[in-house]
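Spelled out from the first residue to the last, the chains are:
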Amino acid sequence: GRSLELLRTIRSELRDCQTHLNAVGKLEEQLRAGLIGKMIELARVHGDFTPGNVIFSPDGSTVTGILDWGQSRAQGLPMVDSLDFLLGVHCLRKRAQFGHVVAQSLSRSTGRDDAIVAWMTQLPQRDEINRDELLLLAWLDHVAGNLEKSDRYPNSRVWWSANVEPILRRYS
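Note that the structure is predicted; figures quoted are calculated from it, not measured. (Residues numbered from 1 in each chain as written. Predicted model: local features only at pLDDT ≥ 70, side-chain atom pairs only at ≥ 80, totals over all residues. Heavy atoms only, no water.)

**Structural notes on the overall build of the protein chain**
Put simply, the test is: Numbering of helices and strands starts at the N terminus; helices are DSSP runs of H or I of at least 4 residues and strands are runs of E of at least 2. With a 1.4 Å probe rolled over the protein chains alone, any residue whose accessible area is under 20% of its type maximum counts as buried; one over 50% counts as exposed, and the rest are partly exposed.
Of the regular secondary structure elements, the protein chain holds 8 helices and 4 strands. Along the protein chain, helices (α) and strands (β) appear in the sequence α-α-β-β-β-β-α-α-α-α-α-α when read from the amino end. Buried residues in the protein chain amount to 48% of all 172 residues.

Here it is, written out as structure tokens:
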């Protein structure tokens, strides 16, 4: 599905780094094993549902608009859109990059980001996707979306080291 398509997008950017290619292969295997046979709800998704694409009323209590539907697709995972928004809010609050936040949330150690885990338990869960798979799918969606929408991301060492490498290091 789309997650494996996203992995191939990342893999094409990693053609010169064997360690990262191996990590992408392991990540792909984990997702494939974790998603096979699962019942998953598909629906129209925004594809870039982040706080920067949401307009709020002046007092911040009401959403008045959602912008930038350029990455929208008819067959996506609504839970990933929801998690993208929550992760985006968390990134803003912590002044952290997406890859670092996801890596901390995946961590089983004391460095795990429990706020993300707590938020995830409040999301309506109709799918059979586990927490780690959902985090990885949100990360893939974020990374591949950025790689697809602009040529500046693959060439930015700063963006790459903050958003891609923290996850790939977990699988190296």
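**Observations concerning helix α2 (residues 18-35)**
The line we're drawing: Here the expected span of a helix is defined as 1.5 Å times the quantity of residues minus one.
In a regular helix each residue adds 1.5 Å, so 18 residues correspond to 26 Å; α2 covers 26 Å between its end C-alpha atoms and thus fits that length. For α2, the set of buried residues is His20, Leu21, Ala23, Val24, Gly25, Leu27, Glu28, Leu31, Gly34 and Leu35. The first or second residue beyond α2 is Gly37, which carries a positive phi of 80°.

**Here's the deal with the packing of α2 against helix α6 (residues 131-149)**
Note the threshold: Fitted lines through C-alpha atoms give the axes, limited to the stretch in contact for helices. The angle between two N-to-C directions lies from 0 to 180 degrees. Should an angle fall under 35 degrees it is taken as roughly parallel, and over 145 as roughly antiparallel, whereas 65 to 115 is taken as roughly perpendicular and any remaining angle as oblique. Throughout, a crossing is termed right-handed when the near helix is turned clockwise from the far one, and left-handed when it is turned anticlockwise from it by less than a right angle. Note on contacts: a residue pair qualifies if any of its non-hydrogen atoms lie within 4.5 Å across the two residues.
Following both chains from N to C, one finds α2 and α6 inclined at 125°, their axes separated by 11 Å at the closest point. As far as their axial angle goes, α6 and α2 are oblique. Taken as a pair, α2 and α6 cross one another with a handedness that is left-handed. Residues Leu27, Gln30, Leu31, Gly34 and Leu35 of α2 form the contact with α6, whose own contacting residues are Glu133, Leu136, Leu137, Trp139 and Leu140.

**What about the nonpolar core?**
For clarity, the threshold we go by: The nonpolar core is taken to be a set of buried Ala, Val, Leu, Ile, Met, Phe, Trp, Tyr and Cys residues, with the residues joined through side-chain atoms within 4.5 Å.
In terms of nonpolar packing, the biggest core is built from 38 residues, with Ile10, Leu87, Val102, Leu135, Leu137, Trp139 and Ile167 touching the most fellow members. Elements represented by at least two residues in this core include exactly α2, α3 (78-94), α4 (98-106), α5 (114-122), α6, α7 (157-163) and α8 (165-170). Ranked by residue count, the leading element in this core is α6, at 9 residues. Residues contacting Ile10, with those up to four places away along its chain left out, are Val24, Trp139, Leu140, Val143 and Leu147.

**A look at the packing of aromatic side chains**
Our working rule: Pairs were defined over the aromatic rings of Phe, Tyr and Trp, the Trp ring being its six-membered one, requiring ring centres within 6.5 Å. Orientation was assigned from the angle between planes: stacked under 30 degrees, edge-to-face over 60, tilted for the rest.
Using the criterion set out here, one finds 3 aromatic pairs in the structure. With 6.1 Å between their ring centres and 55° between their planes, Trp159 and Trp160 make a pair best called tilted. Since its relative accessible area comes to 7%, Trp160 is described here as buried.

**A word on the environment of Val102**
Turning to its location among the elements, Val102 is positioned in helix α4. With 65 residues separating them along the chain, Val102 and Ile167 place their C-alpha atoms 7.6 Å apart. Once you skip the residues sitting within four places of it in the chain, Val102 turns out to touch Leu87, Leu135, Trp139 and Ile167.

**Describing the side chain of His20**
Residue position: His20 is located in helix α2. Relative accessible area serves as the criterion here: at 12%, His20 is assigned to the buried category. Leaving out residues up to four positions away in the same chain, His20 has contacts with Leu14, Trp160, Glu165 and Leu168.

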